Amino acid sequence: MASPQTLNRWRRQLLQLTALLGSLSALAALLDPDRVAAAMGLFLVGVNGYSQFYAIYVGTRLATAALALLAARPGQAPILGDLTAWFILAQPAGRLAAATLIGLPHGVLLAVCALEVAIGVGLLALRPGPVKIE
């Protein structure tokens, strides 16, 4: 079993990777919304369509990335990393709800979903245990 310090270091690194991936995906969505939307199976129509896309694929991803960066700072409360994990896991949970009605996603979106599950579960698995005060 790895030491608590090692687990904390791995969790911080996973949080930093999460922030990087979230920021890059938001940047890609910002620079080429039509291509990103098409890869996700979306077709953007009108001001409302683009506004909703930017809210989700730019705003929410940047907010999650910022939360991950904050949680990755040494000495932060573990709950910040937990919240990051739950925000990430909410997306595949929503896709699972849709899968019961429509079917599983495929292509790029299935890969994104698998990555979200891996990162979210990884963050929760690396959660530090209770602090011992002596």
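Bear in mind the structure is a predicted one, so any value in this text is a computation, not a measurement.

On to the pattern of salt bridges, then. In the structure shown here, the tally under the stated rule is 4 salt bridges. Asp-82 is the salt-bridge partner of Arg-127, the closest N and O atoms lying 2.5 Å from each other. Here Asp-82 lies in helix 4 (residues 78-101) and Arg-127 lies in the segment after helix 5 (108-125), a separation of 45 residues in the sequence. Residue classification places Asp-82 among the buried positions, given a relative accessible area of 7%. With a closest N to O distance of 2.4 Å, Glu-116 and Arg-95 form a salt bridge. Residue Glu-116 is located in helix 5, and its partner Arg-95 is located in helix 4; the two are separated by 21 residues in the primary sequence. When its relative accessible area of 7% is taken as the criterion, Glu-116 is described as buried.

Taking 1.5 Å of rise per residue, the 27 residues of helix 3 (residues 46-72) would be expected to cover 39 Å, and the 38 Å separating its terminal C-alpha atoms lies within 8% of that figure. Maximal helix bending in helix 3 amounts to about 30°, located at Ala-55. When we look at burial in helix 3, the residues that qualify are Phe-53, Tyr-57, Val-58, Arg-61, Thr-64, Ala-65, Leu-67, Ala-68, Ala-71 and Ala-72. Against the buried residues of helix 3 lie helix 1 (4-31), helix 2 (33-39), helix 4 and helix 5.

So, how was this worked out
- Residues numbered from 1 in each chain as written.
- Predicted model: local features only at pLDDT ≥ 70, side-chain atom pairs only at ≥ 80, totals over all residues.
- Heavy atoms only, no water.
- Salt bridge = Lys/Arg side-chain N within 4 Å of Asp/Glu carboxyl O.
- Helix = DSSP H or I, 4+ residues; strand = E, 2+ residues; numbered from the N terminus.
- Buried < 20%, exposed > 50% of the residue type's maximum accessible area, 1.4 Å probe, protein only.
- Expected span 1.5 Å × (residues − 1).
- Bend = angle between axes of the 7 residues up to and from the residue.
- Contact = heavy atoms within 4.5 Å.

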